[in-house]
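Commentary on secondary and tertiary structure
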Amino acid sequence: VIHLTALVLYIIAAALWLRSLLVGGGSRGAGLASGAVTAAVAFHAIALTLFVLEFRQLPLVGLGPALSTLALLLGVALLPLAMKGEVARVGIVVTPLIVVLQGAAMIVGVSNFPVVPGVQGAWFALHVVLALVGYQGLTLAFAAGVLYLIQFKELKSKRLGRLFRFIPPLASLDTMARVGLVVGFASMTLALAIGGAWAARYQGGVDWGNPKLAWAALSWIALGAPLAARSGKGARERRGAAVTVISFVAVVATYLLLRLTPAAGPGFL
Amino acid sequence: VALRSRDPGGETGPGTTDGGDSPDVHTFRPPSEMPLAVVGLSHHTAPVEVRERLVFDRPEAARALATLRAEAGIQEAVLLSTCNRTELYLFPEPDPEALSLARGILGRRAGTIHDLDQYLYRRGGEEAVRHLFLVSAGLDSMVLGEAEIQGQVREAFETAVAVRSEPPVVGPVLQRLFEMALSVGGRVRSETRVGEGTASVASVAVELAGKIFGSLKGRRVAVLGAGSTAERTVEALGRAGVRGVLVANRTRERAETLASMVGGEGFSLDDLTSVLRSADIVVSSTSSSEPILTRATLGRAFPRGVDRPLLLVDIALPRDVAPEVGELPNVFLYNVDDLGEIVDEHLQRRREALPAARRIVGEQEAEFFRWYLARGAGPVIRSLRDRAEMVRESETARLLRRLEHLSPEDRARVEEFSRRLLNKLLHDPTTRLRDGVVRGDGAELVGTVRYLYGLDAEETGEFPDLGPQQPRKGVE
């Protein structure tokens, strides 16, 4: 019930963001949406705390708990943005993604996962948390990137309509994307390093044929590529935003492809 | 006193307060003789040469109000003074002699009393209320829907409230009126699109810069050439936080002279590439017959391509910036037509929102009049409550003396019970009495209540003569 309450509040927040866009981005609408996100995060955190207390297990093992944790991390990332004026409006992209993640988590079930020997312990938890922070950074950078590209188009086409008024300034979006990518890339790098060390220690070496590894490598590249695209000459910010969006879509599409085909095998998340 | 009661056809703006523009949902009929008046002039009636002579700053406004109280004996007054209007709101409407003194205070400020009459207007009662609400909502402003006026109305009100005078210069009527005017402004801006978008070239430029750079603090603006629009744009950017103005002109000397006026640095147009490299925003308004900013110029300034956002605001005619410059990545080019179209579009959107805005004004007007009329029931209601409270206190005390065994908690409960009972018993009669007064049955109802409850007329005061009342749809 608490998970469902959180989901409903996230849906309300997404609807409020949409409404705020349609009525011209007034501060009252944004305040209500941020309030709904805060309430949703509070319920979500309670739900996952109860999960930990009930199952004596962090919500990191198994698809449902991992998706729900990622959704919570994204929700938590929105909270400080609520204090930063217009930047909070990335919520219009992030909250629907949270709804999808939390909805999917609830469909597959946020329940305990039989503990496999080796898939536990502090190093494993750190590996998963760092990877989730990496995806959190990529998702936030994606949200900022999408809005950057739309705002850029609005400014270039000289259409100063609802979208122009609602979407935060280019510079703010660029800063947010950069922070998301840098934090995400560092986290993902550490996660992969810890994962590799963990595999070498407990599994006798890295299984290079494991599709999970291919997806992890793709995720790492997806975080690094936009950073690389931001160097060089010309319109670096715009190029970075475009590559971020492509990278995010590639990561999600690859995941779904692996998940929905037998190629991934039974151990794939 | 030769004040006009209406503008002689001068108010042609969308927010005119002429009778024909009364809100279409004005279903509530106000008291026919509401003693409120506004005297003043505005951009509708007076040219800037006259308006600028009547601008009062805060201390001057406070002094003028104190003088009004001392010399004209006016009870309540607020002086609203902006670059587009100077208006005195007075309650109750003073007699002709006092009104003449009030006008004299404006005249003294203007310097030449003789000239002033032709620009002044006076509105009374319902029109004065509607006028203030339209003003506060920005519907009577030179630029429809502008938001600054609401802050100016607030400031005028606060200035009057702060005047040291006994009794205060702002009494219950003007306090309620101005609070409601500010509320009207808030509602109109939040519930309609009247305040949406920016409505001048300078403010569009600031809005664009804000959407590109976020905070404008520390950004640098380059001005190529000179002109009043460029100057206003730079001023507006300065207010938004832009620091560092680079002025480039054909001659360095002229550029330095202009730069010294805005606290910037002067350059010759020969140094254009270095100016471009240092600037985030370029406002161009030279009289050059050929574009001075071309792809080649930008290429020289940024050999590796424009590697950061650059806003070019070209307000020159003929244009200073070649159109193809706008195709460069990271360059946002807006010429005078683009900016004009944006302003027109915003103003059109604002005009479309006028009926909704007027509806809000009408609703708030009706609410103000309801409040105003209901005040008539105040003394008798107070008297009734005082009498009932006296009875409650004495009867409760008598009862409690007989029930000495009760604990302090139980005694408190008995007290609480008696209060609740009293409030419930009085709720309906007082509500109906207020409604009756608003409907126009005040004198009869007040007399009945006095008779039924044995209240003295001396105690309750005479019921005020609010003029003949008529049945009103709004409250029935």
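Along its length, chain B carries 18 helices and 10 strands. A fraction of 73% describes how many contacts in chain B between residues 6 or more apart in sequence connect residues 24 or more apart. Element-wise, carbon and sulfur atoms account for 50% of the exposed surface of chain B, whose accessible area totals about 22,300 Å².

A few words now on the overall build of chain A. A tally of helices and strands in chain A yields nine helices and zero strands. The secondary structure elements of chain A, listed N-terminal to C-terminal, are α-α-α-α-α-α-α-α-α. Burial analysis of chain A (269 residues in total) assigns 49% to the buried set. Considering only contacts within chain A whose residues lie at least 6 apart along the sequence, 75% involve residues at least 24 apart.

Core analysis: the largest hydrophobic core is formed by 110 residues, its most contacted members being B:Leu208, B:Leu237, B:Ile281, B:Leu311 and B:Tyr334. For this core, the leading source of residues is helix H5 (residues 122-157) of chain A, giving 17 residues. With sequence-adjacent residues up to four places away left out, B:Leu311 is seen in contact with B:Ala205, B:Leu208, B:Ala209, B:Ile212, B:Phe213, B:Asp280, B:Ile281, B:Val282, B:Phe332 and B:Tyr334. Membership of the second largest hydrophobic core comes to 66 residues, among which are B:Ala72, B:Ala77, B:Val173 and B:Leu177.

What follows concerns the packing of aromatic side chains. Inspection of the entire model under this criterion finds 14 aromatic pairs over all chains. Arranged with centres 5.7 Å apart and planes meeting at 35°, the rings of B:Phe368 and B:Trp371 form a pair that is tilted. Of this pair, B:Phe368 and B:Trp371 both sit in helix H14 (residues 354-374), three residues apart, which is roughly one turn of that helix. With centroids separated by 6.4 Å and ring planes inclined at 20°, the aromatic side chains of B:Phe368 and B:Tyr372 adopt a geometry described as stacked. Of this pair, B:Phe368 and B:Tyr372 both sit in helix H14, four residues apart, which is roughly one turn of that helix. The residues B:Phe368 and B:Tyr372 share a single accessibility class, namely buried. Through a chain of ring-to-ring contacts, the aromatic side chains of B:Phe91, B:Phe368, B:Phe369, B:Trp371 and B:Tyr372 assemble into a single cluster. The side chain of A:Lys156 reaches across the aromatic face of B:Phe332, ending 5.7 Å from its centre. When the ring centre of B:Tyr334 is taken as reference, the NZ or CZ atom of A:Lys158 above it lies at 5.7 Å.

Here the focus is the interface of chain A and chain B. Between chain A and chain B, the contact holds 26 residues from the first and 26 residues from the second. Buried surface at the junction of chain A and chain B, summed over both partners, amounts to about 2,000 Å²; 52% is from carbon and sulfur atoms. Looking at the side of chain A facing chain B, the largest losses of area belong to A:Lys158, A:Leu160 and A:Arg165, adding up to 28% of the total buried there. A salt bridge links A:Lys158 to B:Asp338; its shortest N-O distance comes to 2.8 Å. Summed over the shared surface of chain A and chain B, the result is 13 residue pairs in polar contact (both at pLDDT 80 or more). For the side of chain A that touches chain B, the secondary-structure elements that each account for two or more residues are H5, helix H6 (162-166), helix H7 (170-202) and helix H9 (236-260) of chain A.

Attention now moves to the environment of B:Ala353. All names here are of chain B. Within the secondary structure, alanine 353 sits in the loop between helix H13 (336-352) and H14. As for alanine 353 and valine 194, which are separated by 159 residues in sequence, their C-alpha atoms are 5.4 Å apart. Setting aside its immediate chain neighbours within four residues, alanine 353 contacts Thr192, Arg193 and Val194.

All names here are of chain B. Across the six residues of strand S2 (residues 76-81), six count as buried, placing the element largely inside the fold. Both faces of S2 are covered, namely the face carrying Glu76, Val78 and Leu80 and the face carrying Ala77, Leu79 and Ser81. Strand direction decides the pairing type here: S2 and strand S3 (residues 85-91), joined by six bridges, are antiparallel. In the strand pairing of S3, serine 81 is matched with threonine 86. Once S2 ends, the chain turns through three residues before running back antiparallel as S3.

Attention now goes to the confidence of the model for chain B. Residue and element names in this part refer to chain B. Looking at chain B, pLDDT values average 80 and 86% of them are 70 or higher. Throughout residues 1-29 the model reports pLDDT below 50, and contacts reaching past four residues in sequence, or to other chains, amount to 79 contacts. Low pLDDT, under 50, characterises residues 465-476; the stretch is placed with 31 contacts to residues that sit more than four places away or in other chains.

This paragraph deals with the sheet that holds S3(B). Residues and elements named next belong to chain B. With respect to topology, four strands assemble into an open sheet ordered S2-S3-S1-S4, the strand pairing being antiparallel. Two strands in the sheet have a free side with no partner beyond their single neighbour: S2 and strand S4 (121-124). Pairs of neighbouring strands in the sheet enclose a mean axial angle of 15°, with direction left out of account. When strand S1 (residues 37-42) meets S3, the two strands line up antiparallel, connected through six bridges. Directly across from valine 38, in S3, lies its bridge partner tyrosine 89. The strands touched by helix H6 (residues 148-162) within the sheet are S2 and S3, with S2 carrying the most contacts at an inclination of about 140°.

Residue and element names in this part refer to chain B. The residue after phenylalanine 91, namely proline 92, is reached through a cis peptide bond having omega -15°. A cis amide bond links glutamate 166 to the next residue, proline 167, at an omega of -5°. Along the polypeptide, proline 167 turns up in the loop between H6 and helix H7 (172-191). Of note, asparagine 330 is a non-glycine position whose phi angle comes to about 75°, a positive value. Topologically, asparagine 330 is positioned in the loop between strand S9 (310-314) and strand S10 (331-335).

Our next topic: the pattern of salt bridges. Pairing between side chains of opposite charge can happen when their charged atoms approach one another. All names here are of chain B. Taken as a whole, this structure holds 24 salt bridges over all chains when the rule is applied. Glutamate 363 serves as the salt-bridge partner of arginine 187, at 3.0 Å between the closest nitrogen and oxygen. Of this pair, arginine 187 sits in helix H7 while glutamate 363 sits in helix H14, and the two are 176 residues apart along the sequence. One salt bridge connects aspartate 271 with arginine 252, and the closest N-O pair in it is separated by 3.3 Å. One end of the pair, aspartate 271, is in the loop between strand S7 (265-268) and helix H11 (272-278); the other, arginine 252, is in helix H10 (residues 252-262), and 19 residues separate them in sequence.

Let us now look at the side chain of A:Ser68. All names here are of chain A. Inspection of the secondary structure puts serine 68 in helix H3 (residues 63-81). Engagement of the side chain of serine 68 in a polar contact is seen with the side chain of histidine 44, the distance being 2.9 Å. Residues in contact with serine 68, not counting those within four places in the same chain, are His3, His44, Leu48, Gln102, Ala105 and Val110.

All names here are of chain B. The buried fraction of S10 is high, at five of five residues. The alternating pattern of S10 places Val331, Leu333 and Asn335 and Phe332 and Tyr334 on opposite faces, both of which are buried. Across five bridges, S9 lies against S10 in parallel orientation. Note that in S10 the partner of leucine 310 across the bridge is valine 331.

This part covers the packing of H5(A) against H9(A). Residue and element names in this part refer to chain A. For the pair H5 and H9, the least separation of the axes is 8 Å and the interaxial angle reads 130°. Accordingly, the angle class assigned to the pair H5 and H9 is oblique. Read as a crossing pair, H5 and H9 show a hand that is left-handed. Contact residues: H5 offers Tyr135, Leu138, Thr139, Ala141, Phe142, Gly145, Val146, Tyr148, Leu149 and Phe152, while H9 offers Glu237, Arg238, Ala241, Ala242, Thr244, Val245, Phe248 and Val251. In terms of residue class, the contact of H5 with H9 is built from 13 nonpolar, three polar and two charged.

Here is what the cut-offs are and how they apply
Residues numbered from 1 in each chain as written. Chains lettered and ligands numbered in written order. Predicted model: local features only at pLDDT ≥ 70, side-chain atom pairs only at ≥ 80, totals over all residues. Heavy atoms only, no water. Helix = DSSP H or I, 4+ residues; strand = E, 2+ residues; numbered from the N terminus. Contact = heavy atoms within 4.5 Å. Areas by Shrake-Rupley, 256 points an atom, 1.4 Å probe, with all protein chains shown as cover. Buried < 20%, exposed > 50% of the residue type's maximum accessible area, 1.4 Å probe, protein only. Core = buried A, V, L, I, M, F, W, Y, C linked by side-chain atoms within 4.5 Å. Phe/Tyr/Trp six-rings, centres within 6.5 Å; stacked < 30°, edge-to-face > 60°. Lys NZ or Arg CZ within 6 Å of the ring centre and 35° of its normal. Buried area = accessible area lost by both parts, 1.4 Å probe. Salt bridge = Lys/Arg side-chain N within 4 Å of Asp/Glu carboxyl O. Polar contact = N/O pair within 3.5 Å; in protein donor to acceptor, adjacent residues only side chain to side chain. Pairing = 2+ DSSP bridges. pLDDT = per-residue confidence, 0-100. Axes fitted to C-alpha atoms, helices over the stretch in contact; angles between N-to-C directions. Parallel < 35°, antiparallel > 145°, perpendicular 65-115°, else oblique. Left-handed = near helix turned anticlockwise from the far one by under 90°. Nonpolar A, V, L, I, M, F, W, Y, C, P; charged D, E, K, R; others polar.

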